Protein chains: 2
Amino acid sequence: MNFNDLKIFQAIYEIGSLNKAAEQLGYAQSNITTRLKVMETELNTKLFLRTQKGVTPTKTGNIFYSATLNIQAELAKVTTQIDQQKKTLLGSEVLISELLNNSGLVSYSHFSKIVVKRQENIVQEAANNLYDLVVTFADLNNNHNYHLQKTRAIKCNYLARESHAFANNLPVLVNSDPICAFRKRTLQDLADKSRILEIDSLQAIEMMVEQGSGISLLPCSFAETKNLVKLRTTDISLEYKIYQSK
Amino acid sequence: MNFNDLKIFQAIYEIGSLNKAAEQLGYAQSNITTRLKVMETELNTKLFLRTQKGVTPTKTGNIFYSATLNIQAELAKVTTQIDQQKKTLLGSEVLISELLNNSGLVSYSHFSKIVVKRQENIVQEAANNLYDLVVTFADLNNNHNYHLQKTRAIKCNYLARESHAFANNLPVLVNSDPICAFRKRTLQDLADKSRILEIDSLQAIEMMVEQGSGISLLPCSFAETKNLVKLRTTDISLEYKIYQSK
DNA sequence: CCTGGTTACGGGTGGCGTAAAGATG
DNA sequence: CATCTTTACGCCACCCGTAACCAGG
């Protein structure tokens, strides 16, 4: 007995005829007889009584019918569940935000699930589960389940609410994620480490910058959408990678 | 994908290794790889991440695992249900009572279900469902799903609580089932049809005879168990048949 | 080298179609 | 004889085993 037999049985049951079931399913009549016989042998019971005008189910036939419906329903359920699960995107918070801001690069509708992890967790997470797409500053080259699809750069700048003079005295907000590319670059650029203020939530950093209580290295697109001022004349390019599952 | 693949997948999942799963299931290792690949292709998803020390399930692997458990449970359920249902006995009330009284002929433990029908319904019932055994006065020869296993006779007599003189004035109790062999015989034997009293329940007839409010043509075994008196010196033999499902 | 997964290939079984043969009204 | 099921037989695909190969510690 195999999965296809369930469909065959169901058709026989609902149509009440081996001939008609064969026709509807596109099988030879003989095959239906054979498959039914296989099922009956395997279950060690008669499933249908053969009559002149077709077949009628026995009690065990009725029992088996409901089972076939259950099993096929379960099968259909799992395939849709898997299809739902399939399109997942893994990325770090700042990258995903950027991609969502510059809409068109990443659309919610393309993915059933978007998982945002801190950079330090992305390698581990990508190893433990297979994502359709991974957007990250990290290096996944030693993970055989993914291949590099493309490398892109995100244009950033130090953003503040207002003028330079004003901004010079503000704390510099960074993520506490040690591998975060924005943080690393900020630490490189900044002489006076005492100005650093670690904030773990991207949204909180945005808010503080908008309110004028800090500056932060952020994607340039934020300057427009949030109406912020770039503190550098030239933008900074931070490379990130998009990996695809094999 | 077939039913066996579910077992294979389950083993892989629970053991975490293709090699070990193959060993445990008695398959060649290569076959496990192939079957897994088939499943992954058919579901269009990776189910396991291959690592150096075995395999670990992906999210879709986890989803599929629970589905395999459900399906296999449903499959196990239906087979036991069918096995339970299988051994059924169909017979008319008086015959079944007789067979149960003379225990050894029919044992409750041999059948999961004993269906008792009036004679007039037995042919129909036997046609609509397949019973393991049918015990009946009726003729099932034109039903191809059964074959005659043996013909037996049941020894009967007119039974009463006490003496003949007493019994002569009592009503004669019969089943109202027009095809019932006991009824037919009683009507043949009895000249005075006005004495006939139709009672549909065998148990009610027994009770009335025991209480001395009627006589009835009943299996001889009832005379002993119920301590009744035979009204005829020679017993009457009524033939019945035991049919078996093919 | 050892462990664990993958690929290549050949044999046997099982699913399917064609065709013909029962069975029943 | 018309309709439905069953049997006979042959073809092809699929399942499985053997064996060799590949990757990582």
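Residues numbered from 1 in each chain as written. Chains lettered and ligands numbered in written order. Predicted model: local features only at pLDDT ≥ 70, side-chain atom pairs only at ≥ 80, totals over all residues. Heavy atoms only, no water.

### Quick look at the protein's contact with DNA strand D
Around DNA strand D, 22 residues are found, and the nearest of them are Asn19, Lys37 and Arg50 of chain A together with Ser30 and Arg35 of chain B. Near-protein atoms of DNA strand D (within 4 Å) split between backbone and bases, with sugar and phosphate holding 72%. A distance of 2.8 Å is found between a phosphate oxygen of DNA strand D and a side-chain nitrogen or oxygen belonging to arginine 35 of chain B. Those elements that place two or more of their residues in the surface near DNA strand D are α2 (18-25), α3 (29-43) and β2 (54-57) of chain A together with α3 (29-43) of chain B. For the surface near DNA strand D, the element with the most residues is α3 of chain A, which contributes four residues. Residues that form the surface near DNA strand D fall into these classes: four nonpolar, 14 polar and four charged. (Near = heavy atom within 4 Å. Polar contact = N/O pair within 3.5 Å; in protein donor to acceptor, adjacent residues only side chain to side chain. Helix = DSSP H or I, 4+ residues; strand = E, 2+ residues; numbered from the N terminus. Nonpolar A, V, L, I, M, F, W, Y, C, P; charged D, E, K, R; others polar.)

### Section: the protein's contact with DNA strand C
Around DNA strand C, a shell composed of 21 residues is seen, among which Ala28 and Ser30 of chain A together with Asn19, Lys37 and His144 of chain B lie nearest. Backbone atoms, meaning sugar plus phosphate, form 74% of the atoms of DNA strand C positioned within 4 Å of the protein. Within the backbone of alanine 28 of chain A, an N or O atom sits 2.7 Å from a phosphate oxygen of DNA strand C. Contact between DNA strand C and arginine 35 of chain A: a phosphate oxygen at 2.7 Å from a side-chain N or O atom of the residue.

### A look at unusual backbone geometry
All names here are of chain B. Backbone geometry at asparagine 44 places phi at a positive 60 degrees, although glycine is not the residue there. Of note, the phi angle at asparagine 227 is positive, near 60 degrees, even though the residue is not glycine. Within the secondary structure layout, asparagine 227 lies in the loop between α10 (221-225) and β10 (229-230). Of the residues examined, asparagine 227 reaches a relative accessible area of 67% and is grouped as exposed. (Buried < 20%, exposed > 50% of the residue type's maximum accessible area, 1.4 Å probe, protein only.)

### Examining helix α6 (residues 119-128) of chain B
All of the buried residues in α6 of chain B are Gln119, Ile122, Glu125 and Ala126 of chain B. Each buried residue of α6 of chain B sits inside an arc of 95 degrees when the element is viewed along its axis, so together they form one side. (Arc of directions from axis to C-beta.)

### Here's the deal with the domain arrangement of chain A
Here the domain parsing of chain A yields domain 1 (3-85), domain 2 (87-153) and domain 3 (155-236). Between the C-alpha centres of domain 1 of chain A and domain 2 of chain A the distance comes to 44 Å. (Domains from an automatic or database assignment.)

### Section: the interface of chain A and chain B
Each partner contributes residues to the interface: chain A has 35 residues there, and chain B has 36 residues. With both chains or domains summed, chain A and chain B bury close to 3,200 Å², and 67% of this area falls on carbon and sulfur atoms. It is Phe3, Lys59 and Ile82 of chain A that lose the most area in chain A upon contact with chain B, and together they represent 19% of the buried surface on that side. Viewed at the interface, chain B and chain A are joined by one salt bridge. With a closest N to O distance of 3.8 Å, lysine 59 of chain B and glutamate 125 of chain A form a salt bridge. Inspection of the chain A/chain B interface yields six residue pairs in polar contact (both at pLDDT 80 or more). Among the secondary structure elements, those contributing two or more residues to the side of chain A that touches chain B are α1 (3-15), α4 (59-86) and α6 (119-128) of chain A. Tallied by class, the residues present in the side of chain A that touches chain B amount to 16 nonpolar, twelve polar and seven charged. (Contact = heavy atoms within 4.5 Å. Buried area = accessible area lost by both parts, 1.4 Å probe. Salt bridge = Lys/Arg side-chain N within 4 Å of Asp/Glu carboxyl O.)

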